[in-house]
Amino acid sequence: MAFQILLNVFLGFLWMFFTVSYEPVTFLKGYLLGLVIIFSFRRFFQSRFYLLRVIAAINLVLLFIKELILSNISVIKLVLKPKLDIRPGIFALPTVLEKEWEITILANLITLTPGTLVVDVSEDNKLLYIHAIDIDDVEDAIISIKDSFEKAIMEVSR
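Residues numbered from 1 in each chain as written. Predicted model: local features only at pLDDT ≥ 70, side-chain atom pairs only at ≥ 80, totals over all residues. Heavy atoms only, no water.

Labelled according to an unreviewed UniProt entry, the protein appears under the name Na+/H+ antiporter subunit E, originating from Cytobacillus citreus. Looking at the protein in UniProt, the text filed under Subcellular location (unreviewed entry) is "Cell membrane". Entered under Sequence similarities (unreviewed entry) in the UniProt record, the comment concerning the protein runs "Belongs to the CPA3 antiporters (TC 2.A.63) subunit E family." (UniProt positions renumbered as here; feature names shortened; annotations may be inferred.)

In structure tokens:
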């Protein structure tokens, strides 16, 4: 991925030198032309087209913002209730993520969302122990995390 980005920047600068115009607009035109060239030759690279990973990373950030807002609303509802009828609990989340940075990102995204906290990670990095402030169904919580955060992280990394 880094090679493709550097190649694209190089093609943008090369376009500036070929057109003998050193303005940012000329670089942008060359960058976009380089994007088309790299996309057309994407089968010759070992990794997938880098713009797809950039889009997946943007989607992950937007997903986190959405989940952050929704969880804030649910925590506010819990706090403002006259009677505190919550069911806190700790559950184990099995994960298919393998790299340490993927597991770290998943743990941080879960912890940064209000109402949840990653308490521990197993020695083999296959289980995350999560504390939730109010949990109705453990299976629904596991499926929700796997379908949102874990899936989005895998799209970015693979």
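Past the structure itself, the notes keep going.
Participant: Before we go on, may I ask you to explain unusual backbone geometry in this structure?
Facilitator: Glycine aside, negative phi is the norm for most residues, and most peptide bonds take the trans geometry. In this model, Val20 sits at a positive phi of 55 degrees, which is unusual for a non-glycine residue. For Val20, the location among the structural elements is in the loop between α1 (2–19) and α2 (24–40). Val20 sits in the exposed class, given a relative accessible area of 60%. One non-glycine residue, Asn125, lies in positive phi territory at about 60 degrees. Here Asn125 lies in the loop between β2 (116–121) and β3 (127–132). Residue classification places Asn125 among the partly exposed residues on the basis of a relative accessible area of 23%. (Helix = DSSP H or I, 4+ residues; strand = E, 2+ residues; numbered from the N terminus. Buried < 20%, exposed > 50% of the residue type's maximum accessible area, 1.4 Å probe, protein only.)

Participant: Whenever I open this one, the layout of surface pockets confuses me. Can you help?
Facilitator: Where empty space is left becomes clear once a probe the size of a water molecule has been rolled over the atoms. The computed volume of the largest pocket comes to approximately 610 Å³. Lining the largest pocket are 24 residues, and of these Ser71, Thr116, Asp134, Ala141 and Ser144 sit closest to its centre. Elements that contribute at least two residues to the lining of the largest pocket include exactly α3 (50–80) and α5 (138–157). (1 Å grid on protein atoms, 1.4 Å probe; cavity = no way out; pocket = protein on both sides within 12 Å on 5 of 7 lines; lining within 4 Å. Points joined across faces, edges and corners; volume = space filled by probe spheres on them.)

Participant: I tried to follow α5 on my own but got confused; where do I start?
Facilitator: It helps to recall that an α-helix has 3.6 residues per turn; residues three or four apart then point in one direction. Between its first and last C-alpha atoms α5 spans 27 Å; for 20 residues at 1.5 Å apiece the expected length is 28 Å, and the two agree. At Lys146, α5 shows its strongest bend, of approximately 35 degrees. Taken together, the buried positions of α5 are occupied by Ala141, Ile142, Ile145, Ser148, Phe149, Glu150, Ala152, Ile153, Val156 and Ser157. Looking at the packing, one finds that the buried side of α5 touches α3, β1 (89–94), α4 (100–112) and β3. (Expected span 1.5 Å × (residues − 1). Bend = angle between axes of the 7 residues up to and from the residue. Contact = heavy atoms within 4.5 Å.)

Participant: Just checking my understanding: could you explain the sheet that holds β3 for this structure?
Facilitator: One key point about sheets: their strands pair by backbone hydrogen bonds, in either a parallel or an antiparallel sense. Ordered by their spatial adjacency, 3 strands build an open sheet running β1-β3-β2, and the pairing between neighbours is antiparallel. Two strands lie at the open edges of the sheet, namely β1 and β2, each paired on one side alone. On average, each strand axis in the sheet is inclined to that of its neighbour by 30 degrees, with strand direction left out of account. Examined bridge by bridge, β1 and β3 share 6 bridges and lie antiparallel to one another. Of the residues in β3, the one forming a bridge with Ala92 is Tyr129. Across the sheet, α4 lies against β1, β2 and β3, angled at about 145 degrees from β2, the strand it touches most. The strands touched by α5 within the sheet are β1 and β3, with β1 carrying the most contacts at an inclination of about 50 degrees. (Pairing = 2+ DSSP bridges. Axes fitted to C-alpha atoms, helices over the stretch in contact; angles between N-to-C directions.)

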